[in-house]
Amino acid sequence: MEMKEVRSAPPSDYQELQFNRDQHTVVTIGNPVEHPRDYVVWSICSLFQGNPLCFGLVALIFSIKARDMKVIGDLQRARGHSKWALRFNGAALIIFSLIILCFLIILSIRVIRLGPHFFRY
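Residues numbered from 1 in each chain as written. Predicted model: local features only at pLDDT ≥ 70, side-chain atom pairs only at ≥ 80, totals over all residues. Heavy atoms only, no water.

Quick word on the UniProt feature "transmembrane region" (unreviewed entry) in the chain
Item 1. Under the feature "transmembrane region" (unreviewed entry), the UniProt entry names residues 39–64 and 85–112.
Item 2. In residues 39–64, helix accounts for 73% and strand for 0%; the two terminal C-alpha atoms are 9 Å from one another.
Item 3. Regarding residues 85–112, the helix share stands at 100% and the strand share at 0%, and the terminal C-alpha atoms are separated by 40 Å. (UniProt positions renumbered as here; feature names shortened; annotations may be inferred. Helix = DSSP H or I, 4+ residues; strand = E, 2+ residues; numbered from the N terminus.)

Examining helix H4 (residues 75–114)
Every α-helical turn comprises 3.6 residues, leaving residues that sit three or four positions apart pointing alike.
Item 1. With 40 residues, H4 should reach 58 Å at 1.5 Å per residue; the first-to-last C-alpha distance of 58 Å fits that figure.
Item 2. Every buried residue of H4 is listed here: Leu75, Ala78, His81, Ser82, Ala85, Phe88, Asn89, Gly90 and Ala92.
Item 3. A positive phi of about 65° marks Gly115, the residue just after H4. (Expected span 1.5 Å × (residues − 1). Buried < 20%, exposed > 50% of the residue type's maximum accessible area, 1.4 Å probe, protein only.)

Overview of the pattern of salt bridges
Item 1. Scanning the model with the defined rule gives 3 salt bridges in all.
Item 2. For Arg67, the salt bridge goes to Asp38, with nearest N and O atoms at 2.6 Å. Here Asp38 lies in the loop between helix H1 (13–19) and helix H2 (40–48) and Arg67 lies in helix H3 (residues 55–72), a separation of 29 residues in the sequence.
Item 3. When its relative accessible area of 41% is taken as the criterion, Arg67 is described as partly exposed.
Item 4. You can call Asp38 buried: its relative accessible area is 11%.
Item 5. Residue Asp38 is joined to Lys70 by a salt bridge in which the shortest nitrogen-to-oxygen separation is 3.9 Å. Placement of the pair is Asp38 in the loop between H1 and H2 and Lys70 in helix H3, with a sequence separation of 32 residues.
Item 6. Judged by relative accessible area, which is 26%, Lys70 ranks as partly exposed. (Salt bridge = Lys/Arg side-chain N within 4 Å of Asp/Glu carboxyl O.)

Re the nonpolar core
Item 1. Counting 6 residues, the largest nonpolar core is built from Phe55, Ala59, Phe62, Ala85, Phe88 and Ala92.
Item 2. Elements represented by at least two residues in this core include exactly H3 and H4.
Item 3. When residues no more than four places from it in sequence are discounted, the contact partners of Ala92 are Ser46, Pro52, Phe55 and Gly56. (Core = buried A, V, L, I, M, F, W, Y, C linked by side-chain atoms within 4.5 Å. Contact = heavy atoms within 4.5 Å.)

Some points on the packing of H3 against H4
How two helices pack is summed up by the angle between their axes together with the distance between the axes.
Item 1. H4 packs onto H3 with a crossing angle of 160° between their chain directions and a minimal axis gap of 8 Å. What the angle tells us is that H3 and H4 run roughly antiparallel. Classified by chirality, the crossing of H4 by H3 is left-handed. Each of Phe55, Gly56, Val58, Ala59, Phe62, Ser63, Lys65, Ala66, Met69 and Lys70 in H3 lies in contact with H4, whose residues at this interface are Leu75, Arg77, Ala78, His81, Ser82, Trp84, Ala85, Phe88, Asn89, Ala91, Ala92 and Ile95.
Item 2. Of the residues assigned to the contact of H3 with H4, the class counts are 14 nonpolar, 5 polar and 3 charged. (Axes fitted to C-alpha atoms, helices over the stretch in contact; angles between N-to-C directions. Parallel < 35°, antiparallel > 145°, perpendicular 65-115°, else oblique. Left-handed = near helix turned anticlockwise from the far one by under 90°. Nonpolar A, V, L, I, M, F, W, Y, C, P; charged D, E, K, R; others polar.)

Observations regarding the environment of Phe62
Item 1. Inspection of the secondary structure assignment puts Phe62 in helix H3.
Item 2. You can call Phe62 buried: its relative accessible area is 19%.

Brief notes about H2
Item 1. Regarding H2, the residues found buried are Val40, Ser43 and Ser46. Taken down its axis, H2 places every buried residue within 120° of arc, on the same side. When the buried face of H2 is taken as reference, the exposed residues oriented beyond 90 degrees from it are Val41 and Phe48.
Item 2. Of the surrounding secondary structure, the elements contacted by the buried residues of H2 are H3 and H4.
Item 3. Note on H2: the residue one or two positions beyond its end, Gly50, has a positive phi of about 85°. (Arc of directions from axis to C-beta.)

And the structure:
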């Protein structure tokens, strides 16, 4: 396989004018604005699954507020509502997990204590 060097023709005056209109123009490309997450799906799951102390409902309300603020364009308030929705969703998940864990521990203790009589009617 042979490698050949390919040279292009130098740009014409028209191409120079077309692409290099102003030599002093500086283009700054910044990071795009990050929109805050609204956690609506997680809030709906928290609402219908367990929902200890109504944290799922409160999280859903803050999630909807965060989405509304994001649509309006108030990203600062949307971030605030999003953080509260995240906190309430996390609290609901932790409390629900602790309830399930306690239930399993109590159930296993009863099975160990009663032995084979636990499964009789």
